[in-house]
Each structure stands twice: as structure tokens, then as C-alpha cells.
Amino acid sequence: MHSSYANEHRELHDNERLEFMGDAVLQLWSSEHIFPLEPKLSEGKMTKLRANLVCEKALAMYARELGLGQFLMLGYGEERSGGRNKDAILADMFEALLGALYLDQGMDAVNNILDEVITPNLRHPDDVEVIHDYKTKLQEYVQADDRKTVKYVLIDEQGPSNSPMFTMNVVVEGLILGTGTGSSKKQAEQNAAKDAFAKLVK
């Protein structure tokens, strides 16, 4: 429940206290998973990596990957202004979800979520800069003029089950716009979208 909904409907509770808890849980989880990485990272590199993995853009991307936006309760004005797709609101919602999960189910439930959306980025920490949601950027660019559909197609999968590499094509109206690889399908999709976006905006 976003504060805009709580204010309009005179509800007593919104996401904000749960965001506080979720932020703490996220910091602890990411620190515990970054610390044992090999080769060992310096304090500065660990801090930078954690900041990039839990920044607002990254958290909003995780929320979109999980389809959480559909569950947001927004006030009328915020809904009309596109709040359901705003990075800040989605990031706050993601933190609130983690806080609620931790309080209700414990750290194992939190790990189930974060292992899906963050762990793939930890397999190649040197490649993690500020995370950009290229899939959303590409979707918005392609749909600027009409309602074309963006599809992602798996074209290759290699390596052992504990360290796979996926290759994805991004396809629009039957045309391959970009190709990307990654240690998870989601990461490969992001890299394919990044490749396509770079070509389209040249």
C-alpha cells in the first residue's frame, strides 16, 4: 500500500515502515553474499558493488522482473500520473516486500527472492556497474510510434548446470534487433536489449 492510497482512503498503514526493515535486510543479504566472493574484493570494491546492486534503478528492475507492480495499491492521482511504473515507487515496494517477508517468514524466504534476481549478477562482479533496465528502455523506445511487441528468444545454452551461459535474441516484428549472453536468462535478456537499444539510438 503506497502512502498516496493510504492518505486518500484514510488507512492507518502504508509501505514505509516495511521499507525501513526491507532496506536493512537487503543490505545484510547483499553484504553476506559479496564478502565471500573470489577473488576477494577490497572494501571499496565491495561497497561499490553493493551500491550498484541495491540502487533505486536496480530495485525497480527486480520489481518489474517479478511482476510486482500489478499488486501496488496507489492513490487516484498517483495512478493517473504513471506511478505504477515509477522507479522510486517500485523500488520502495520491493524493499517493503522484503521487509514483510523477513518478518513473516524469515531469511530463507528473502533468500528465495534475492537469489533469483541478484545472485546472477554476482557471478561476474567485475561486469556490474550501475544497473540499467534496458528491457524497459527498449520496450518504451519500440512502442513510441505503435504497439509493436518485443520478444526474447533463447538461442543457446552452454556450460554445466551450476554455471550456465545463456544466449538470447530480442525480436521485434520478426526482426532480430540484438543478441546478448548472461549467466541467467534474465541477464541475457537485459544484454540483448542493451545491444538492440545501442543500435537503434545510433
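So, how was this worked out
Numbers given to residues run from 1 along each chain, matching the order in which its sequence is written. In keeping with the model being predicted, local features are shown solely for residues with a pLDDT of at least 70 and side-chain atom pairs are shown and tallied solely at 80 or more, while totals for entire chains, interfaces and linings include all residues. The side-chain figures draw on all heavy atoms in the structure; neither hydrogens nor water molecules are used. Comment: elements are numbered from the N terminus, with helices defined as DSSP H or I runs of at least four residues and strands as E runs of at least two. The atom set for the radius of gyration is the C-alpha atoms, and the globule formula is 2.2 Å times the number of residues raised to the power 0.38. Per-residue accessibility, obtained with a 1.4 Å probe over protein chains only, is compared with the maximum for each type, and a residue is labelled buried under 20%, exposed over 50%, and partly exposed between these values. Accessible areas in this description were obtained via Shrake-Rupley with a 1.4 Å probe; residue shielding takes into account the shown protein chains only. Strand pairing is defined by DSSP finding a minimum of two bridges between the two strands. Here an angle of 0 to 180 degrees is reported between the N-to-C directions of two axes, which are lines fitted to C-alpha atoms, with helices fitted over the stretch in contact. Contacts are residue-level and defined by heavy atoms, with any inter-residue pair within 4.5 Å sufficient. What a helix is expected to span follows from its residue count: subtract one and scale by 1.5 Å. What the arc measures is the spread of directions leading from the helix axis to the C-beta atoms. Grouping buried Ala, Val, Leu, Ile, Met, Phe, Trp, Tyr and Cys residues that are joined through side-chain atoms within 4.5 Å yields what is termed a nonpolar core.

Student: What exactly am I supposed to notice about the overall build of the chain here?
Tutor: In terms of helices and strands, the chain carries 10 helices and three strands. Put simply, the chain runs from its N terminus to its C terminus through helices and strands in the order α-α-α-α-α-α-α-α-α-β-β-β-α. Against the 2.2 N^0.38 benchmark of 17 Å for 202 residues, the chain shows a C-alpha radius of gyration of 18 Å, consistent with a compact globule. The principal-axis extent of the C-alpha atoms belonging to the chain is close to 50 × 50 × 30 Å. Every one of the 202 residues in the chain was classed for burial, and the buried ones make up 41%. Carbon and sulfur atoms make up 51% of the accessible area of the chain, which totals about 11800 Å².

Student: What am I meant to see in the sheet that holds strand S2 (residues 165-172) here?
Tutor: Sheet strands pair via backbone hydrogen bonds, and the direction of the pair is either parallel or antiparallel. Judged by pairing direction, the sheet is antiparallel, and its three strands sit side by side in the order S1-S2-S3 without closing on themselves. This sheet does not close on itself; its edge strands, each paired only once, are strand S1 (150-158) and strand S3 (175-182). On average, adjacent strands in this sheet sit at an angle of 20 degrees to one another, irrespective of strand direction. The pairing of S2 with S3 spans seven bridges and is antiparallel. Counted as the bridge partner of Val172 is Leu175 from S3. Lying on the sheet, helix H9 (residues 134-142) is in contact with S1 and S2; it crosses S1 at an angle near 140 degrees. Strands S1, S2 and S3 of the sheet are contacted by helix H10 (residues 185-200), whose axis makes an angle of about 135 degrees with S3.

Student: In this structure, what is going on with helix H2 (residues 16-34)? I would like to understand it.
Tutor: An α-helical turn contains 3.6 residues, so any two residues separated by three or four positions project in the same direction. An ideal rise of 1.5 Å per residue puts 27 Å on 19 residues; H2 measures up with 27 Å between its terminal C-alpha atoms. Listing the buried residues of H2 in full gives Glu19, Gly22, Val25, Leu26, Trp29, Ser30 and Ile34. Down the axis of H2, the smallest arc covering the buried residues is 150 degrees, so these residues share one side. For H2, exposure combined with an orientation more than 90 degrees from the buried face picks out Arg17 and Phe20. Where the residues of H2 are buried, they touch helix H3 (43-53), helix H4 (56-65), helix H6 (87-105), helix H7 (107-117) and helix H8 (119-122).

Student: Sorry if this is basic, but what is going on with the pairing of S1 here?
Tutor: Residues in a regular strand point their side chains to alternate faces of the sheet. Two elements, S1 and S2, share eight bridges in a ladder whose sense is antiparallel. Within S2, the position partnered with Glu157 by the bridge is Phe166.

Student: Just checking my understanding: could you explain unusual backbone geometry for this structure?
Tutor: Outside of glycine, negative phi angles account for most residues, and trans bonds account for most peptide bonds. Between Glu38 and the following residue, Pro39, the backbone shows a cis peptide bond with an omega angle of -10 degrees. With respect to the helices, strands and loops of the structure, Pro39 is situated in the loop between H2 and H3. For Glu173, which is not glycine, the phi dihedral falls at a positive 55 degrees. The class for Glu173 is exposed, based on a relative accessible area of 57%.

Student: Looking at this structure, how should I read the nonpolar core?
Tutor: Where a protein is soluble and globular, its nonpolar side chains tend to be buried together. Ranked by size, the top nonpolar core spans 32 residues in total, and within it Ile34, Leu53, Tyr62, Phe94, Leu114 and Ile118 carry the most contacts. Looking at this core, the element that brings in the most residues is H6, giving seven residues. Of all hydrophobic cores here, the second largest spans 15 residues; its members include Val150, Tyr152, Met168 and Leu177.

Student: I'm lost on H3 in this one. Help?
Tutor: Of the residues making up H3, those classed as buried are Met46, Leu49, Asn52 and Leu53. With its buried residues spanning 130 degrees around the axis, H3 presents them on a single face. Those residues of H3 that are exposed and aimed more than 90 degrees away from the buried face are Glu43, Gly44 and Lys48. On its buried side, H3 packs onto H2, H4 and H8.

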